[in-house]
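# Secondary and tertiary structure notes
These are the residues of each chain, in order.
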Amino acid sequence: MGGKTKEQLLKELSEVQKMLEERTETQGQMIKRFQKLIENEGLFSQIIDFFPYPLAIFTPQFTLAMTNKAFAAKTKTRVMYPEKGAVRILQHKANDIQLAAAVRGVFAGKTFFFEDLENPFSMFSGITQQSAAESDRFNRIVVFPVPADDSKITHGVIVFMP
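So, how was this worked out
- Residues numbered from 1 in each chain as written.
- Predicted model: local features only at pLDDT ≥ 70, side-chain atom pairs only at ≥ 80, totals over all residues.
- Heavy atoms only, no water.
- Helix = DSSP H or I, 4+ residues; strand = E, 2+ residues; numbered from the N terminus.
- Buried < 20%, exposed > 50% of the residue type's maximum accessible area, 1.4 Å probe, protein only.
- Contact = heavy atoms within 4.5 Å.
- Areas by Shrake-Rupley, 256 points an atom, 1.4 Å probe, with all protein chains shown as cover.
- Pairing = 2+ DSSP bridges.

When helices and strands are tallied, the protein chain shows five helices and five strands. Considering the protein chain as a whole, with its 162 residues, one finds that 35% of them fall into the buried category. Across the protein chain, every contact between residues at least 6 apart in sequence was considered, and the portion connecting residues at least 24 apart equals 54%. Carbon and sulfur atoms make up 57% of the accessible area of the protein chain, which amounts to about 10,800 Å² in all.

This is the structure in structure tokens:
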């Protein structure tokens with residue numbers, strides 16, 4: 001009788017171990033899917049895309065990495081996972097010296113807020129000048145850093161606000 005109980009316990013233990021392995025595998029698959037989503041920026045790009053104000057994400061080389069639908073509508077330019085160097089921030093074209101400094105300073109971990117800017121979209125290559133009435137609509141911006149896990153700033157973000 002004692003041997004049968006041991007067999008039963010071993011069988012139950014084996015079933016529990018199998019169940020735990022299946023759960024661990026399922027969790028591993030979920031983690032891999034979430035990592036892929038992050039790598040592909042799926043969820044984040046959707047959130048960014050539906051943000052109501054124009055938004056541009058740029059690299060330390062001042063190349064646009066991504067923009068949202070509001071940016072595309074405002075500038076008639078769409079940058080969604082661009083080829084390297086497709087659209088750049090041209091600091092010499094920024095009408096405001098402080099804005100040009102902010103684009104550089106964001107990679108030192110600083111956040112900047114500016115008001116009463118004149119045509120801030122002019123600092124991007126390939127974007128034509130808007131009329132004065134159009135450019136006045138988004139005359140305030142916030143420039144902030146996006147750090148990686150190791151706290152190194154990997155991207156800067158510019159949000160244009162009315």
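Don't stop here, the text continues.
Another point: the pairing of strand β2 (residues 64–67). Residues in a regular strand point their side chains to alternate faces of the sheet. Direction of pairing for strand β1 (residues 55–58) relative to β2: antiparallel, over a ladder of three bridges. Residue pairing in the sheet places Ile-57 in a bridge with Met-66 of β2. Hairpin connection from β1 to β2: five residues lie between these consecutive antiparallel strands, with Phe-62 at a positive phi of about 65 degrees.

Okay, unusual backbone geometry next. If you check the backbone angles, Phe-62 has positive phi at about 65 degrees while not being a glycine. For Phe-62, the location among the structural elements is in the loop between β1 and β2. On the basis of relative accessibility, which here comes to 17%, the residue Phe-62 falls in the buried class. Positive phi is not limited to glycine here, since Asp-116 has a value of about 55 degrees. Tracing the chain through its elements places Asp-116 in the loop between β3 (112–114) and α5 (132–137). For Asp-116, a relative accessible area of 65% corresponds to the exposed category.

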